[in-house]
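# Structure assessment
The primary structure of each chain is shown beneath.
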Amino acid sequence: MTEFLVKHFVKDYEKTEKVSVRTAYGTLASTVGIFCNVLLFLMKITIGIMIHSISVIADAFNNLSDAGSSIISFIGVKIASKPADKEHPFGHGRIEYISGLIVAAAIIVMGVELFRSSVARIFNPDEMYFSILSVIILVGSILMKTWMFLFNRSLGKRLDSAAMLATSTDSLSDCVATAVVLLSLLLWKITGINIDGIAGTIVAIFVFVAGVQAARDTLQPLLGQPAD
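Below: a short report on this structure. Quick caveat: nothing in here was measured; it's all calculated off a predicted structure.

## Here's the deal with the overall build of the protein
Across its full length, the protein carries seven helices and zero strands. Across the protein, helices and strands are ordered from the amino to the carboxyl terminus as α-α-α-α-α-α-α. Taking 17 Å as the expected radius of gyration for a compact globule of 228 residues, we find that the protein reaches 19 Å, a close match to that expectation. Every one of the 228 residues in the protein was classed for burial, and the buried ones make up 40%. Summarising the internal contacts of the protein: among those between residues at least 6 apart in sequence, 73% fall at separations of at least 24. Total accessible area computed for the protein in this model is approximately 12200 Å², and 69% of it derives from carbon and sulfur atoms.

## Remarks on the pattern of salt bridges
Under the definition given, this model contains seven salt bridges. Here D59 ties to K44 by a salt bridge, and the two come within 2.7 Å at their closest N and O atoms. Of the two residues, D59 is situated in helix α3 (residues 54-80) and K44 in helix α2 (residues 19-51); the sequence distance between them amounts to 15 residues. The same class applies to D59 as to K44, namely buried. Two residues, R116 and E113, come together in a salt bridge whose shortest N-O distance is 2.9 Å. With R116 and E113 both in helix α4 (residues 95-123) and three residues apart, the pair spans about one turn of that helix. Residue R116 is classed as exposed on the basis of its relative accessible area of 52%. One connected set of salt bridges, linked through shared partners, spans D66, K145 and D174.

Conventions and cut-offs
Residues numbered from 1 in each chain as written. Predicted model: local features only at pLDDT ≥ 70, side-chain atom pairs only at ≥ 80, totals over all residues. Heavy atoms only, no water. Helix = DSSP H or I, 4+ residues; strand = E, 2+ residues; numbered from the N terminus. Rg over C-alpha atoms; globule rule 2.2 N^0.38 Å. Buried < 20%, exposed > 50% of the residue type's maximum accessible area, 1.4 Å probe, protein only. Contact = heavy atoms within 4.5 Å. Areas by Shrake-Rupley, 256 points an atom, 1.4 Å probe, with all protein chains shown as cover. Salt bridge = Lys/Arg side-chain N within 4 Å of Asp/Glu carboxyl O.

Structural data, given as structure tokens:
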């Protein structure tokens, strides 16, 4: 699938030293990220509301934050590719860091709100409803995120892109977060033990840590980090 997408959407895909080709790779990665994460968000938020699961809802917003990051990356890639001009003699590359910082702030706020809601659910658990469809969607989410991990890692290695490799790692961590949610749902079905709030708290921590990491990665270049 990765080779198919690259060959059909990246012109001169083998010439990775060209700025236009690298921009095309960045556009492809962002577009795939937006599509997959929005799709996962819509499915999970629907299922989460249906079965009254705060952990599934938290996992849905985790995917939404990833979609937001991809949207900002898409905009950043487009703007950053603009050539230098009189007002910007060093080019427009730093817009990517500024846009990334905005997304990081939104992710941190989202993580805090999800944490608050999940902790409240621990002390006041809500009745849940089991659905085979929810299990199918969560398993499908893990498989899709695993593919996104392999996809972004492949592109990151081709371009020697730290950003894409970081995105691949984030996809792998999302697999772990969704697995926690799936296990909590199966545990409730088998034993009747409701750890939905605990699972939601774990996912909220994943979201918060991802936001802090993203903020750190974007702040350092803006504050004058030296080139390697």
